[in-house]
Amino acid sequence: MLSCFTVQTVVAKSYIAQNNRTLGRVGVESYFTIDARDSCGFPRREGGDSWTLTLLKAQSVYTYAIPSNKITNIGDGTYRAYFTVAQSGYFTVRASQPGQTATNIGGFSVQPA
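Each chain has its residues counted from 1, following the order in which its sequence is written. Local features are withheld for residues below a pLDDT of 70 in this predicted model, meaning they are given only at 70 or higher, and side-chain atom pairs are given and counted only at 80 or more; totals for whole chains, interfaces and linings count all residues. With hydrogens and water stripped out, all remaining heavy atoms of the structure feed into the side-chain values.

Engineer: Explain the environment of Phe-83 residue by residue, including any values.
Structural biologist: To qualify as a helix, a DSSP run of H or I must reach at least 4 residues; to qualify as a strand, a run of E must reach at least 2; elements of each kind are numbered from the N terminus. With respect to the helices and strands, Phe-83 occurs in strand 7 (residues 78–83). Overall, the relative accessible area of 1% leaves Phe-83 in the buried class. Residues Phe-83 and Thr-54, spaced 29 residues apart in sequence, show a C-alpha to C-alpha distance of 9.9 Å. Sequence-distant contacts of Phe-83, that is, excluding residues within four places in its chain, are made with Leu-23, Val-28, Glu-29, Ser-30, Tyr-31, Phe-32, Leu-55, Tyr-64, Ile-66, Phe-108 and Val-110. Burial status follows relative accessibility: with a 1.4 Å probe on protein chains alone, a residue under 20% of its type maximum counts as buried, one over 50% as exposed, and anything between as partly exposed. For this analysis, residues touch if any pair of their heavy atoms sits within 4.5 Å.

Engineer: Go over the pairing of strand 4 (residues 52–57) with me, naming the residues and quoting the values.
Structural biologist: Burial of strand 4 is one-sided: the residues Leu-53, Leu-55 and Lys-57 facing one way are buried, the residues Thr-52, Thr-54 and Leu-56 facing the other way are not. A pair of strands is labelled paired if DSSP reports no fewer than 2 bridges between them. Bridge count between strand 4 and strand 8 (residues 89–96): six bridges; the pairing is antiparallel. In the strand pairing of strand 8, Thr-52 is matched with Ser-96. As defined by bridge partners, strand 4 adjoins strand 5 (residues 63–66) across four bridges and the pair is classed as antiparallel. The partner of Leu-56 across the bridge, within strand 5, is Thr-63. Between strand 4 and strand 5, which pair antiparallel and follow one another directly, the connecting turn spans five residues, one of which, Gln-59, has a positive phi of 55°.

Engineer: How would you summarise the side chain of Ser-30 if you had to cite specific residues and measurements?
Structural biologist: Assignment of secondary structure puts Ser-30 in strand 3 (residues 30–35). Residue classification places Ser-30 among the buried positions, given a relative accessible area of 10%. With residues near it in sequence (within four places) discarded, Ser-30 still touches Leu-23, Gly-24, Arg-25, Ala-81, Tyr-82 and Phe-83.

Engineer: Outline the pattern of salt bridges, listing residues and values.
Structural biologist: The term salt bridge refers to a side-chain nitrogen of Lys or Arg lying within 4 Å of a carboxyl oxygen of Asp or Glu. Tallied over the entire structure, the rule returns one salt bridge. Here Lys-70 ties to Glu-29 by a salt bridge, and the two come within 2.8 Å at their closest N and O atoms. Within this pair, whereas Lys-70 is found in the loop between strand 5 and strand 6 (71–73), its partner Glu-29 is found in the loop between strand 2 (21–25) and strand 3, the two being separated by 41 residues in sequence. A relative accessible area of 42% places Glu-29 in the partly exposed class.

Engineer: Help me get a handle on the sheet that holds strand 9 (residues 103–111), residues and values and all.
Structural biologist: One open sheet holds the five strands; their spatial order is 2-9-8-4-5, and the pairing between them is mixed. Among the strands making up the open sheet, the edge pair consists of strand 2 and strand 5. Between one strand axis and the next, the sheet turns through 35° on average, direction left out of account. What counts as an axis is a line fitted to C-alpha atoms, over the stretch in contact for a helix, and the angles between N-to-C directions run from 0 to 180 degrees.

Engineer: Outline the packing of aromatic side chains, listing residues and values.
Structural biologist: Planes of paired rings set the category: under 30 degrees apart is stacked, over 60 is edge-to-face and the rest tilted, where pairs are Phe, Tyr or Trp rings (Trp by its six-membered ring) whose centres lie within 6.5 Å. Inspection of the entire model under this criterion finds seven aromatic pairs. With centroids separated by 5.9 Å and ring planes inclined at 40°, the aromatic side chains of Phe-32 and Phe-83 adopt a geometry described as tilted. On the criterion of sequence distance, the pair formed by Phe-32 in strand 3 and Phe-83 in strand 7 is long-range, its members being 51 residues apart. For the residue pair Phe-32 and Phe-83, the accessibility class agrees, reading buried in each case. Centroid distance Trp-51 to Tyr-79: 5.7 Å. Interplanar angle 65°. Geometry classified as edge-to-face.

In short, the description is geometric, and any link to function would need to be established separately.
Quick look at the structure:
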């Protein structure tokens, strides 16, 4: 029988709920939701994690680091990350937490203004 016990969020198992969707327009604040998961892929039931989030534009050098005050802990294992980008296109979300390697957890598109 498989047994799983973990008390921390694992970035590599977490993902954004709006993966591969279109989220907002250039210059307008939008958000995505992170579903935090444990090492077995089970949803976390509480918040409290410290996220570092960067948006990487596909086929470009443009990046956008989401300020920590723009990441809201919902308190149930989900987080809302607010962003305003200056370019349209497809963005990959790169996430990390202290002691964990930065990992791509999904992506989305932003429309022109």
